Every structure is written in C-alpha cells, then in structure tokens.
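A look at the structure
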Amino acid sequence: MNIVLLGAPGSGKGTQAKSLEDAFGIAQLSTGEMLRAEVGKGSDIGRKADEIMRAGQLVPDHLIIALIETTLADGAGRDGFILDGFPRTVPQAEALDSMLETKDLKLDHVLELEVDDEAMVERISGRFSCAKCGAGYHDSFKPPKSDGICDVCGSTEFVRRADDNAQTVRERLKAYHAQTEPISAYYEKQGILTKVDGMGEIDQVTKDLTKAIKTGSRG
Ligand code: AMP
C-alpha cells in the first residue's frame, strides 16, 4: 500500500507516519528527515538545502524530486510506503505520479491532516527530541517523565530543530498555504483524498487515519 500524508508543519505527520509504518508494515519516507541527514553529512544537496530550511522555505523541486527518485530506486518503500513531507508542490505531485507509473505502481490513499495555524505555532515552538533514539517531546504538552531524561532510552541529550522557532514556523505555514495546499485539489480530482481532523489527541488521530485507510476510496 502506498500513502501520501499531507498536513501543515506541526500537524503531526511525522508522528502519525511512524504509527502507520508499524501498523501497516510500510516504510515512512520523510523528505525533511532525509534533508536533515544530508545537512548533517555536509553533502552537496545538504549544503544547498541548509539555508533554505532555516528560512522556512521550500527546497527547489528538482533537488527534492531527485532525492525521492534515488530513494525509491534504492528500493526504499518497495513493500509499500507512507510519504511524509512529499509532495509539497503540484509539480512534485506530478513528478511522483510519473515515477510511480514507470514502476507500475499507484497511490492508494492521500490523507490530509486538518489543523489550525495558531495551534501549530505553539506545538512546533516547544518541540524537541532525544538526540539518541529520536523520541519526541514538547515543553508544555509532553515533557519527559523525569526532567532531562529520555523516557525511552534514558539519554540526557536532547535536540531542537533549527527551523522549530515561532518566526520560521510562520514562514513554513505561509509556504504551506501558498505552495502545498493546492495539492489537495490535485488529489481530490483523482478521488483518493481523505481529510482527517488533526487537532485531537494523537491516538484518536491515528484511529481516524487507520479508519480512512481501511474504508478509503480505493481501500
Ligand atoms: P519537514 O521535516 O517535513 O517539516 O521539512 C523540513 C523542511 O525541509 C521544510 O521546511 C523544507 O524547507 C524542506 N523540505 C522537506 N520536504 C520538502 C519538499 N517535499 N519540498 C521542498 N522542501 C522540503
């Protein structure tokens, strides 16, 4: 099964994609995570993307499409995937359709998390994660059970994303509304889009997404 998960920055795409990855045995492919890894390595694409990401803008289509092409060609997601953070523009969505067509594959579901902008600024500004195992936390909504110690692996080191601050979040939301939102209509026309309320508790959203997958238009 091949899924695209759409939603504004902070809507919970990453968290939900991880749950669906486990539940359906499909691979989460996050272009944001791939780019952060490239930035960490100091690769060519990482160097090009770093400043753009810090400014809350979108990395050019040709770079991101090449990244996804290489990822799929390397066999990632061959047993099904959930794309988290890609596509983010209509040309990316069109490029994805062409890529899948050449592999005789198709998208089964496009799920869109509907959220409120202001709540996203609050959600993102407080989030951080364990530097060792990646477990996610939030200053107000989900602090570690023991202050400064990861609940999952016991590490005492945490990291915050360079673009998770209120000012950059507002830029990312602008980019989302201007460049990513038109994708909904693109997939609506194909009859594979389902919108899900992303403002509820994490577990409730996971249940709603799971239901949408099981009962969706091509389900
Ligand atoms: P994310 O982790 O999905 O929030 O992505 C973090 C940042 O990476 C975004 O704000 C963009 O700068 C960049 N990025 C991730 N995916 C894409 C994409 N599909 N197209 C363009 N830029 C992207």
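Refer to the structure above for everything that follows.
The residue numbering used here restarts from 1 in each chain and proceeds along that chain's sequence as written. Predicted model: local features are reported for residues with pLDDT of at least 70 only, side-chain atom pairs are reported and counted for 80 or more only, and whole-chain, interface and lining totals are derived from all residues. For the side-chain quantities, the full set of heavy atoms in the structure was used; hydrogens and water were omitted.

Details of the environment of Leu96
Think of it this way: any DSSP run of H or I at least four residues long counts as a helix, any run of E at least two long counts as a strand, and we number them from the N terminus. Mapped onto the elements of the fold, Leu96 is located in helix 5 (residues 90-102). Assessed through its relative accessible area of 0%, Leu96 is described here as buried. Considering only alpha carbons, one finds Leu96 and Ile68, 28 residues apart in sequence, at a separation of 8.5 Å. The contact criterion used is simple: two residues touch if any of their non-hydrogen atoms lie within 4.5 Å. Setting aside anything within four residues of it in sequence, one finds Leu96 in contact with Val4, Leu83, Phe86, Pro87, Leu107 and Tyr187. For every residue, the accessible area obtained with a 1.4 Å probe (protein chains only) is divided by the maximum for its type, and the residue is called buried under 20%, exposed over 50%, and partly exposed between those limits.

Section: the pairing of strand 1 (residues 2-7)
For strand 1, the buried fraction is high: six of the six residues fall into the buried class. The alternating pattern of strand 1 places Asn2, Val4 and Leu6 and Ile3, Leu5 and Gly7 on opposite faces, both of which are buried. DSSP bridges decide pairing: two strands pair if at least two such bridges lie between them. Taken together, the five bridges between strand 1 and strand 4 (residues 109-114) define a ladder with parallel strand orientation. The residue of strand 4 that forms the bridge with Leu5 is Leu111.

A look at the sheet that holds strand 8 (residues 193-197)
Read from one edge to the other, the open sheet built from five strands follows the order 2-3-1-4-8, with strand pairing classed as parallel. One side of each edge strand has no neighbouring strand; the edge strands of this open sheet are strand 2 (27-30) and strand 8. Averaged over all adjacent pairs, the angle separating strand axes in this sheet is 25 degrees, with direction ignored. For helices, the fitted line uses only the C-alpha atoms of the stretch in contact; every axis is such a line through C-alpha atoms, and the angle between N-to-C directions lies from 0 to 180 degrees.

Some details on the state of the cysteines
We call a pair of cysteine sulfur atoms a disulfide whenever their separation is within 2.5 Å. According to the stated counting rule, one finds zero disulfides in the structure shown. Free of any disulfide, Cys133 has its nearest neighbouring cysteine sulfur in Cys150, separated by 3.7 Å.

Here we look at the site of the ligand
Each residue is tested against the molecule or strand, and it is near if at least one of its non-hydrogen atoms lies within 4 Å. Residues in contact with the ligand amount to 16 residues; listed here are only the nearest, Thr31, Arg36, Gln57, Gly85 and Arg88. Between a nitrogen atom of the ligand and a side-chain N or O atom of Arg88, the distance comes to 2.9 Å. A distance of 3.4 Å is found between an oxygen atom of the ligand and a side-chain nitrogen or oxygen belonging to Arg172. In terms of residues, the shell around the ligand owes the most to one element, helix 2 (residues 31-41), which gives four residues. Residues are sorted three ways: Asp, Glu, Lys and Arg are charged, Ala, Val, Leu, Ile, Met, Phe, Trp, Tyr, Cys and Pro are nonpolar, and all the rest, Gly among them, are polar. A per-class count over the shell around the ligand returns six nonpolar, five polar and five charged. Identification of polar contacts relies on pairs of N or O atoms within 3.5 Å, with a donor-acceptor requirement for protein atoms, meaning one able to donate a hydrogen and the other able to accept it, and with residues adjacent in sequence counted only if both atoms are side-chain atoms.

So, unusual backbone geometry
Here the residue pair Phe86 and Pro87 is connected by a cis peptide bond, since its omega of -5 degrees sits within 30 degrees of zero. Assignment of secondary structure puts Pro87 in the loop between strand 3 (81-84) and helix 5. In this model, Asp104 sits at a positive phi of 60 degrees, which is unusual for a non-glycine residue. Along the chain, Asp104 turns up in the loop between helix 5 and strand 4. Classification of Asp104 as exposed rests on a relative accessible area of 73%.

Observations concerning helix 8 (residues 182-190)
Burial in helix 8 covers these residues: Ile183, Ser184, Tyr186 and Tyr187. Along the long axis of helix 8, the arc covered by the buried residues comes to 160 degrees, so they all point the same way. Close packing links the buried residues of helix 8 with strand 1, helix 5, strand 4, helix 7 (166-180) and strand 8. Following helix 8 by one or two positions, Gly191 adopts a phi angle in the positive range, close to 75 degrees. In this context, the arc is that of the directions from the helix axis out to the C-beta atoms.

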